[in-house]
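Architecture at a glance
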Amino acid sequence: MAVLSKIRQRSALMIAVIALALFAFIIGDLFKSGSFNSTSKDVGSINGKDISFEDFRIKVSNVEKSGQGITSTAAANKVWDQEVSVALLTSEFDKLGLRVGEKHLLEVLKADPNIGKNPMFLNAAGMFDLAKFKEYFKSNPSQAQYLKDREKDAELNAKYQIYNTLIKSAIYTTESEGKLRYEMEANKVNFAFVAGLYSTIKDSDVKVTDADIVEYMKKNEKKFKADESREVEYVLIEDKASKEDEAEVKSKINALLSGSVVYNQATGKNDTLSGFKSAKNTIEFVNSNSDVPYDSTYIAKKDLPAIDADQLYNLAPGEVYGPYVFGKYYCISKSMGKKLGVNAKASHILISYEGTQVPNQKEKRTKEEAKVKAEAILAQVNANPDSFLMLAFTNSDDSSAQQGGDLGYFGPNQMVKPFNDFVFNNGIGKVGLVETPFGFHIIKITDKQDGIRLATVAQKIEASEATSDKVFTQATKFEMDATDKGFTKVAKDMALTVAAPVTVSVMDENFGPLGNQRAIVRWAFEDGTKVGAVKRFEVPNLGHVIATVKNIDNSGLVPVTQARSYVESILKNKKKAELIKAKMTGSSLEAIAKAAGSTVQQASDVTLQNPVLTGGVGQEPKVVGTAFALAANKLSAPIEGNTGVYVVKNISTVKAPVLKDHATYVAQMKAQSAGDVNRVLPALKDNAEIKDNRKQFNY
């Protein structure tokens, strides 16, 4: 509606031009929308099983109504992830023939506090009563559907619990694996080596093309798998106040200082209106003339606008300062007086006990024990005030202990009452003991800040209608010219900056630095949007974004621009390795070192568990593994490592003592594999055939 209202404000010629263009857009959008262009009645499929759009739509709507403040697209993404997970897991449950009985379902239902802790279903002893539960739904058939829906979820959860247990039971560590772990830690190898480091060849001496990167990604497709994407460039023409607009706002607020004379049509006489300086009711004046209502808060100097803080804070009561700029407002302020100690700064040592809101997790203590300890610490602080910081660090049960108990600045009533009363009723340096629901506090008041109350008339600096009209005309002209003459050329001709390209996937909401701009992303993926397409978007509180599609990538791989930083170094090292290997010729390490322009180095007591070479080389598992595999005094072929090409010669391999039992190492490996159950669902997704048709339904 904002766009249409602006269109109506333009000249008749402009209206005609825009109307024709708008008509064309509407007709095009109708055929591009889900209503006319959807090629499927399903929102997608997982391994050939379709997901009905209607069912999906209802679920998305329910998520939107759940009170989470979630957008339509975010809700669609959340439901889609759930649908994919449920479909894949259900398929696994069916393959395994998992079944659950009433008892298992009931246990899952009882875990829901709305059921398990509901007073309607509890007996006199406060325990869940199955008879009451069944009787309620028998007596209230209207609620039966709720139970039926919950039972579906409960059945799924129950099967997932069984499935999870089966997976965990299948993950085990053998004695042989424990033995291997021990040998990787304890077996040692000594070897000599020659290194031809990649860093000895300049990056500029080896070239990696986009085609090289794409080829590498195709060979490692799973690692670089991605949704189709669009690369979009854009120009932002901000709808912001001009210098003339700023001057006008400043002039208006200046005029409020001393008042004005205006003609009263009702009386036929001139009326003299009081200015801000002489206004009898300052608060009423502010609320009548300011874009921001009067605020009675006392403000500490540190919270005033930095540039004007000194002048504002030092105003005498009734004195006026301004105009000055604060954020997006021109302001004039009048002092309404100062107040002492509006903010306070304090440190504390909290000694909690069992039953408080933050009981100590390391040392269980009663209230009496906590009080004795708190009083002892208070005595120490009184005897040596400088000890407070260390005592807080070593004794306090609050997270502020890491800062020596420092709580920073806070205002009245931000702390619980006993704490608040002590701090605001005593002076700087006072130390005392108070009790709160959190425990006993040894408090030290470290500072207080005075504050000033200001009555401020603030008028927003924003674009005038004339400025917005100019911006609209410029943006419209850019859109039309860029379609015919080329986006970059028109931007240059109009002295506008083309922002860095933004790469987006089909269900993204965020559009680079502009944040949530779902409309731009949706347009980029419409069937009629080709490379070079241009469209203008009016963005509230920002201006006009004119976007163009620079590249369309339907390859199923991440964009080259994203992969380059990772892949390029790998491919450059491979090309460097070929150049280095060509130099590494000879029948001995000394000869190879001479040919490669390197030296022979030694590595001692290296293990497979920690395959690090000294001298700043770092982790080289291939090199160390090869050294272990060689017989004594045998020379290896060139090895492509992480940091260079290596040739090694085994000096000796030292075998670790034989152990009868490797239980310690088995336990270590079991602990490391405990989270492997969480890898199952991602693995199922990687191997599934998933078709996503959501873009056809304008999500």
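In what follows, the accompanying structure is described.

Rules behind the numbers
- Residues numbered from 1 in each chain as written.
- Predicted model: local features only at pLDDT ≥ 70, side-chain atom pairs only at ≥ 80, totals over all residues.
- Heavy atoms only, no water.
- Helix = DSSP H or I, 4+ residues; strand = E, 2+ residues; numbered from the N terminus.
- Rg over C-alpha atoms; globule rule 2.2 N^0.38 Å.
- Buried < 20%, exposed > 50% of the residue type's maximum accessible area, 1.4 Å probe, protein only.
- Contact = heavy atoms within 4.5 Å.
- Areas by Shrake-Rupley, 256 points an atom, 1.4 Å probe, with all protein chains shown as cover.
- Lys, Arg positive; Asp, Glu negative; His and termini not counted.
- Charge placed at Lys NZ, Arg CZ, Asp CG, Glu CD.
- Phe/Tyr/Trp six-rings, centres within 6.5 Å; stacked < 30°, edge-to-face > 60°.
- Lys NZ or Arg CZ within 6 Å of the ring centre and 35° of its normal.
- Pairing = 2+ DSSP bridges.
- Axes fitted to C-alpha atoms, helices over the stretch in contact; angles between N-to-C directions.
- Parallel < 35°, antiparallel > 145°, perpendicular 65-115°, else oblique.
- Left-handed = near helix turned anticlockwise from the far one by under 90°.
- Nonpolar A, V, L, I, M, F, W, Y, C, P; charged D, E, K, R; others polar.
- Salt bridge = Lys/Arg side-chain N within 4 Å of Asp/Glu carboxyl O.
- Polar contact = N/O pair within 3.5 Å; in protein donor to acceptor, adjacent residues only side chain to side chain.

Each helix and strand in the protein chain was counted, giving 25 helices and 21 strands. For a compact globule of 699 residues, the expected C-alpha radius of gyration is about 27 Å, and the protein chain comes in at 37 Å, more than 25% above that figure. Its C-alpha atoms put the protein chain at 115 × 85 × 80 Å along the principal axes. Taking all 699 residues of the protein chain together, 38% fall into the buried category. In the protein chain, of all internal contacts separated by at least 6 residues, the share reaching a separation of at least 24 is 66%. Here the protein chain displays about 39900 Å² of accessible surface, and carbon together with sulfur accounts for 53% of that area. For the protein chain, the centre of its 90 positive side-chain charges and the centre of its 84 negative side-chain charges are spaced 2 Å apart.

In this structure the tally under the stated criterion is 23 aromatic pairs. Lys334 extends its terminal NZ or CZ atom over the ring of Phe276, reaching a point 5.0 Å from the ring centre. The cationic tip of Lys338 hangs over the ring face of Tyr313; the distance from NZ or CZ to the ring centre is 4.1 Å.

Spatial ordering of the open sheet is given by S13-S4-S15-S14, a layout of four strands whose pairing is antiparallel. Sheet topology places strand S13 (502-505) and strand S14 (534-539) at the edges, where each strand pairs with a single neighbour. Ignoring which end each strand starts from, the neighbouring axes of this sheet average 35° apart. Both S14 and strand S15 (residues 543-553) contribute to a ladder of six bridges, which runs antiparallel. Of the residues in S15, the one forming a bridge with Arg536 is Ile546. Sheet strands in contact with helix H18 (residues 465-485) are strand S4 (229-238), S14 and S15, and its direction is about 160° off that of S14.

Turning our eyes to something else, we now look at the packing of helix H4 (residues 53-64) against helix H5 (residues 72-96). Close contact between H4 and H5 brings their axes to 9 Å; oriented N to C, the two are set at 120°. In terms of orientation, H4 lies oblique with respect to H5. The way H4 lies across H5 gives a crossing that is right-handed. Contacts between H4 and H5 pair Phe56, Lys59, Val60, Val63 and Glu64 from the former with Ser72, Ala75, Ala76, Lys78, Val79, Trp80 and Glu83 from the latter. Looking at the contact of H4 with H5 residue by residue, the classes come out as seven nonpolar, one polar and four charged.

As for its position among the elements, Glu509 is in the loop between S13 and helix H20 (518-524). Arg518 is the oppositely charged side chain nearest to the buried, salt-bridge-free Glu509, at an N-O distance of 6.2 Å. At a separation of 2.4 Å, a polar atom in the side chain of Glu509 contacts the side chain of Thr71.

Turning our attention to the sheet that holds strand S21 (residues 690-692). Strand pairs in the sheet, formed through backbone hydrogen bonds, run parallel or antiparallel to each other. Strand order in the open sheet formed by three strands is S2-S1-S21, and the pairing between neighbours is antiparallel. Every other strand in the sheet has two partners, leaving strand S2 (49-52) and S21 as the edge strands with one partner each. The average undirected angle you get between the axes of adjacent strands in this sheet is 20°. Relative to S21, strand S1 (residues 42-46) runs antiparallel, the two sharing three bridges. Among the inter-strand pairings, Ile46 is bridged to a residue of S21, identified as Ile690. The strands touched by H4 within the sheet are S1 and S2, with S2 carrying the most contacts at an inclination of about 50°.

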